[in-house]
Amino acid sequence: ESLEIFKEFEDDIYISLCYYEIGHVLCSKKQHEEALINYRKALEIYREIHGENHSNTCSCYEGIGSVLVEQGRNDDALIGY
């Protein structure tokens, strides 16, 4: 619900945070493909706002890597880490 509110206000920082947190929850529920979609949405927004060298951007890469490890895609995960 908060994601929709932040979208109305066009608050990209909080929109990306919502996507990140949704990705985290979905990963814990073993809904890996949906988690990746949300982490990648967060990553895209964080890149636009902060660029590559920012802790939020790095957190998205870590989240994506964690999902890939859970899927047994360790070689793909290394790229993110």
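Residues numbered from 1 in each chain as written. Predicted model: local features only at pLDDT ≥ 70, side-chain atom pairs only at ≥ 80, totals over all residues. Heavy atoms only, no water.

A.B. asks: Please set out the overall build of the protein chain residue by residue, giving values where relevant.
C.D. replies: Of regular secondary structure, the protein chain possesses five helices and zero strands. Listed N to C, the secondary structure of the protein chain is α-α-α-α-α in terms of helices and strands. The C-alpha atoms of the protein chain give 12 Å as radius of gyration, which agrees with the globular expectation for 81 residues (12 Å, within 12%). Seen through its C-alpha atoms, the protein chain measures out along the principal axes to roughly 40 × 30 × 15 Å. Per-residue burial for the protein chain yields a buried fraction of 33% across its 81 residues. Surface accessibility of the protein chain: about 5,200 Å² in total, with carbon and sulfur atoms responsible for 51%. Measuring between centres, the 7 positive side-chain charges of the protein chain sit 6 Å from its 16 negative side-chain charges. (Helix = DSSP H or I, 4+ residues; strand = E, 2+ residues; numbered from the N terminus. Rg over C-alpha atoms; globule rule 2.2 N^0.38 Å. Buried < 20%, exposed > 50% of the residue type's maximum accessible area, 1.4 Å probe, protein only. Areas by Shrake-Rupley, 256 points an atom, 1.4 Å probe, with all protein chains shown as cover. Lys, Arg positive; Asp, Glu negative; His and termini not counted. Charge placed at Lys NZ, Arg CZ, Asp CG, Glu CD.)

A.B. asks: Explain the nonpolar core to me, using residue names and the numbers behind them.
C.D. replies: As a rule of thumb, nonpolar side chains are buried together in soluble globular proteins. Ranked by internal contacts, the top residues of the largest apolar core, which has 20 residues, are Tyr19, Ala42, Cys60, Ile64 and Val67. Residue assignment for this core shows that the elements contributing at least two residues are helix H2 (12-28), helix H3 (32-50) and helix H4 (55-70). Top contributing element to this core by residue count: H3, with seven residues. In this structure Val67 touches Cys27, His32, Ala35, Leu36 and Tyr39, once residues within four positions along its chain are discounted. (Core = buried A, V, L, I, M, F, W, Y, C linked by side-chain atoms within 4.5 Å. Contact = heavy atoms within 4.5 Å.)

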